[in-house]
Every structure is written in structure tokens, then in C-alpha cells.
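In case you want the letters, here they are:
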Amino acid sequence: MHGIPTRCTLVSVIPIRGGGDNARTLLLHRAKAHLHGLWTYAAGHLEAGEKAWQAAVRELAEETGLRPTALYSADQCETYYDVREECIAVVPAFVAYVEADAIVRLDDEHDDHVWLPFPEAIASLPFGGQRTLYAHVHREFVLRPPAPALRMPL
């Protein structure tokens, strides 16, 4: 049978600091060849034996130095066609609440960062799937309290 394989080897994590009208989310500016010059979010590959939520915590720490005070499943997956791997990529998303005064320490994959209100962040993202995901996170994790069943065990 012919077809396009589906792969789930990546996770993404959307940090939030503050709440309500003061809520901000973090965008990272890509410095490496893949997605060079675009504003995106922290994401990365799962390691052997790692749970998706654990990969989200690790990737957030590696890429930004941030540690979540609470972590939730976003209850959404970004899906897209990956031309490099010839597959449909399914990327589970997580929401990380961080301290309001948390300091970002970028890795070498990124050369800048910015904390933005969600409408500005959504307007800055390059891909429709990312904008849809951020709009969902804004609606379900900023404008209302998240469902307790989505909380991950830190």
C-alpha cells in the first residue's frame, strides 16, 4: 500500500508569563539554517525513552533556560507536511507557565527573543498551523483557567 507516513518525533512548548490582559508569550528568532530568520516557539525531538511532556520541559530549558511552574498539554497537535522527511508530522503542544520575572537564556539555535501579548505573537508567526495553535492556547489557557485534567506531572 502506498501513502505518506505519519511521524510524531517532535514536541513544542508555548511559555506564558502573567495572566489576563497582562499575559505574554515567548517567541524565539531562529538563527540556524532551518527556519532561519523566522519567529517560532521552542520545539525539539524526543529522546529515547522520554515522554512527550518530559521532552517539552527539556527543550524549553535547553532553548531558553526557563523552567515551568506548571505544565499542561495544550490538547492540540500541530500537523503539517514535512517535505524534508516526506511525512506528515504530528507535533503535540504543551503550555508552560513560567515566573513573571524569569530570565531567558538563549541557546545557539536562536539569536533573539520577545515576550508579546497573544494577538501580537499570533500576527508574528509564519505558519497558519502555529497561529491556530496560539489562538487556541490564548483562548483555553489565558482567557479561562486550563482544565485540571490537562496538567502534567512535573
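Summary of the structure given here.

## Quick look at the overall build of the chain
A tally of regular secondary structure across the chain gives 3 helices and 8 strands. Against the globule reference of 15 Å for 154 residues, the chain gives a C-alpha radius of gyration of 15 Å, in line with a compact fold. Taken along its principal axes, the extent of the C-alpha atoms in the chain is 50 × 35 × 30 Å. In the chain, buried positions account for 44% of the 154 residues. Only carbon and sulfur atoms are counted for the fraction: they give 53% of the accessible area of the chain, which is about 8,200 Å². Averaging the positions of the 14 positive and the 20 negative side-chain charges in the chain gives two centres separated by 3 Å.

## Considering the environment of H34
In this fold, H34 is placed in the loop between β3 (24-30) and β4 (39-40). Exposure remark for H34: the relative accessible area of 37% places this residue in the partly exposed category. On a C-alpha basis, the gap between H34 and E109 in space is 9.3 Å, while along the polypeptide they are 75 residues apart.

## Quick notes on the pattern of salt bridges
For the structure shown, the criterion picks out 8 salt bridges. For E62, the salt bridge is made with R58, and the minimal N-O distance between the two is 3.3 Å. With E62 and R58 both in helix α1 (residues 52-64), this residue pair falls 4 residues apart, about one helical turn. The buried category is assigned to R58, whose relative accessible area is 15%. With a shortest N-O distance of 3.4 Å, R139 and E140 are connected by a salt bridge. Look at R139 and you get partly exposed, because its relative accessible area is 43%. Overlapping salt bridges, with partners in common, bring together E47, E50, R58, E59 and E62 in one network.

Calculation notes
Residues numbered from 1 in each chain as written. Predicted model: local features only at pLDDT ≥ 70, side-chain atom pairs only at ≥ 80, totals over all residues. Heavy atoms only, no water. Helix = DSSP H or I, 4+ residues; strand = E, 2+ residues; numbered from the N terminus. Rg over C-alpha atoms; globule rule 2.2 N^0.38 Å. Buried < 20%, exposed > 50% of the residue type's maximum accessible area, 1.4 Å probe, protein only. Areas by Shrake-Rupley, 256 points an atom, 1.4 Å probe, with all protein chains shown as cover. Lys, Arg positive; Asp, Glu negative; His and termini not counted. Charge placed at Lys NZ, Arg CZ, Asp CG, Glu CD. Salt bridge = Lys/Arg side-chain N within 4 Å of Asp/Glu carboxyl O.

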